[in-house]
Amino acid sequence: MGVVVVPCGEAVESGEWAASGLTERWPLPEMKGNCQVVNHGVSHQLMVETQNVWREFFRLTVEEKQKYANSPETYEGYGSRVGVVKGAKLDWSDYFFLNYLPVSSRDENKWPSQPSTCREFVAKYNEEVVKLCGKLMKIFSINLGLQEDCLENAVGGDQIKASLRVNFYPKCPQPDLALGLSPHSDPGTLTILLADDHVSGLQVRKNDNWVTIKPIPNAFIVNLGDQLEVLSNGKYKSVEHRVIVNSSKERGSLAFFYVPRGDIVIEPIKQLITEDKPAQYQPMTYKEYRMFVRMKGLHGKSHVESLKLHA
Ligand code: OGA
Ligand code: NI
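Anyway, here's the lowdown on the structure attached to this text. Along every chain, residues carry numbers that run from 1 in the direction the sequence is written. Think of it this way: whatever chain is written first is A, whatever ligand is written first is 1, and the rest follow in order. Reporting of local features is limited, given that this is a predicted model, to residues whose pLDDT is at least 70; pairs of side-chain atoms are given and counted only at 80 or more, and all residues count toward the totals for whole chains, interfaces and linings. Here the side-chain values reflect all heavy atoms present in the structure, with hydrogen atoms and water set aside.

Digging into the site of ligand 1
Next up, step 1: Taken together, 13 residues are adjacent to ligand 1, and Asn167, Tyr169, His241, Arg251 and Ser253 come closest.
Next up, step 2: Pairs of N or O atoms within 3.5 Å make up the polar contacts considered here, provided that, within protein, one atom can donate a hydrogen while the other can accept it, and that residues adjacent in sequence are counted only when both atoms are side-chain atoms. Residue asparagine 167 places a side-chain N or O atom 3.2 Å away from an oxygen atom belonging to ligand 1.
Next up, step 3: Within the side chain of arginine 251, one N or O atom sits 2.9 Å away from an oxygen atom of ligand 1.
Next up, step 4: Residue exposure ignores everything except the shown protein chains as possible cover, and the areas themselves are Shrake-Rupley values with a 1.4 Å probe. Burial of ligand 1 by the protein amounts to 97% of the accessible area it has alone, namely 290 Å².
Next up, step 5: Helix and strand definitions follow DSSP, with helices as H or I runs of at least four residues and strands as E runs of at least two, each counted in order from the N terminus. In terms of residues, the shell around ligand 1 owes the most to one element, strand β15 (residues 251-259), which gives four residues.
Next up, step 6: Of the residues assigned to the shell around ligand 1, the class counts are six nonpolar, four polar and three charged. We define proximity as follows: a residue is near a molecule or strand when any one of its heavy atoms falls within 4 Å of that partner. Residue classes follow a fixed rule: Ala, Val, Leu, Ile, Met, Phe, Trp, Tyr, Cys and Pro count as nonpolar, while Asp, Glu, Lys and Arg count as charged, and any other residue, Gly among them, counts as polar.

Things to note about the coordination of the nickel ion (ligand 2)
Next up, step 1: With water excluded from the atoms, a metal site may look incomplete; its donors are any N, O or S atoms within 2.8 Å, or within 3.2 Å for Na, K and Ca. The nickel ion (ligand 2) binds to the protein through His184 (NE2), Asp186 (OD) and His241 (NE2), with metal-donor distances spanning 2.1 to 2.2 Å.
Next up, step 2: For the nickel ion (ligand 2), the single-chain donor residues occur in sequence as H-x1-D-x54-H. With histidine 184 in strand β9 (residues 181-184) and histidine 241 in strand β14 (residues 241-243), this pair connects stretches of sequence that are 57 residues apart.
Next up, step 3: Here histidine 184 falls in the buried class, since its relative accessible area comes to 8%.
Next up, step 4: Its relative accessible area of 4% is what places histidine 241 among the buried residues. When accessible area is computed with a 1.4 Å probe and restricted to protein chains, residues below 20% of their type maximum are described as buried, those above 50% as exposed, and intermediate ones as partly exposed.

Some words on the pattern of salt bridges
Next up, step 1: Salt bridge, as applied in this entry: a Lys or Arg side-chain nitrogen positioned within 4 Å of an Asp or Glu carboxyl oxygen. Under the defined criterion, the tally for this structure stands at 14 salt bridges.
Next up, step 2: With its nearest N and O atoms 2.9 Å apart, the salt bridge here joins aspartate 196 to arginine 55. With aspartate 196 in the loop between β10 (190-195) and β11 (202-206) and arginine 55 in helix α3 (residues 44-58), this pair connects stretches of sequence that are 141 residues apart.
Next up, step 3: Given a relative accessible area of 4%, aspartate 196 falls into the buried group.

What about the packing of aromatic side chains?
Next up, step 1: The rule is short: rings of Phe, Tyr and Trp, with Trp giving its six-membered ring, pair when the centres are within 6.5 Å, and they are stacked under 30 degrees, edge-to-face over 60, tilted in between. Enumeration according to the criterion identifies 16 aromatic pairs in this entry.
Next up, step 2: The interplanar angle of 35° and the centroid separation of 6.2 Å between the aromatic rings of tryptophan 54 and phenylalanine 58 together place this pair among those described as tilted. In this pair, tryptophan 54 and phenylalanine 58 are both assigned in helix α3, four residues apart and thus about one turn of the helix distant. Each member of the pair, tryptophan 54 as well as phenylalanine 58, is classed as buried.
Next up, step 3: Judged by centre distance (5.8 Å) and plane angle (70°), the rings of phenylalanine 57 and tyrosine 68 are edge-to-face. Taken together, the residues phenylalanine 57 in helix α3 and tyrosine 68 in the loop between α4 (62-66) and β3 (77-80) connect sequence positions 11 residues apart.
Next up, step 4: Classification of tyrosine 68 as buried rests on a relative accessible area of 14%.
Next up, step 5: Taken together through their ring pairs, the aromatic side chains of Trp54, Phe57, Phe58, Tyr68, Tyr78, Phe96 and Phe168 make up a single cluster.
Next up, step 6: The criterion is that NZ of a Lys, or CZ of an Arg, lies within 6 Å of the ring centre and within 35 degrees of the ring normal, and then a charge sits over that ring. The ring of tyrosine 100 has arginine 106 sitting right over it, with the charged end atom 4.0 Å from the ring centre.

Okay, structure coming up:
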């Protein structure tokens, strides 16, 4: 059996997915922008051990962590947004960001050398997760009625970009005044999220409500990004999500971003443009899109919405 894609929603809560046998098939009518994947091929032990080394990293003293402080130019390294005022709410997260692909952007010397096994686990984990991304790109292509390598080629083939953002949300004395992450959609193609399965925190927007995602043990959560929405001409929708914090438990997550290479134009795939459904989004390179998002800051799904062409 290959990768099993499980749509997030009621079916997951009630465990019905196990019986529904959704193998390598994305049920389009149920698609709400994110899903969980099981039978994904990544070793469960590797997932747990990688989460553990990062938990240890975030427990180091601030002085130790500051040795990896990120710079505004590359964004790589450690950063803290605990207690940073953001609109009506405080931000409440620490993070570590590192580049993985292309290989030329990778600098293992910037990865934590403490705990001593961190670099080794990060390398193994990223190698496995990137394979999963490749499999999912095929599944999503087939489901759109395209050749299996269509989406992958559209985002740059073997020159795609990937990075890892490890999030750590400490306990928060007044969780109602803070957010781990403000509402946003991920700008790239796919995000493979591994979150602590015993502390919930991720919420997705469903109309005017925020729905808490209950992680399936040993599964990954997959968030569809803005570029997949554009490429699919709106058949897939990126998911608006946020993270809430907790007064009694800390929470960790690993977000692996699979994004287009910067210089190719991302636009709806030709075969998905029809007379009934002309191109819904304006073309833009991912590099330009990133700049645009960075300038405006996180703001729900406003960025991809503003690419929409209004006929
Ligand atoms: C992100 C993100 C969710 C989480 O890093 O973009 O949405 O649960 N993370 O940490
Ligand atoms: Ni996100």
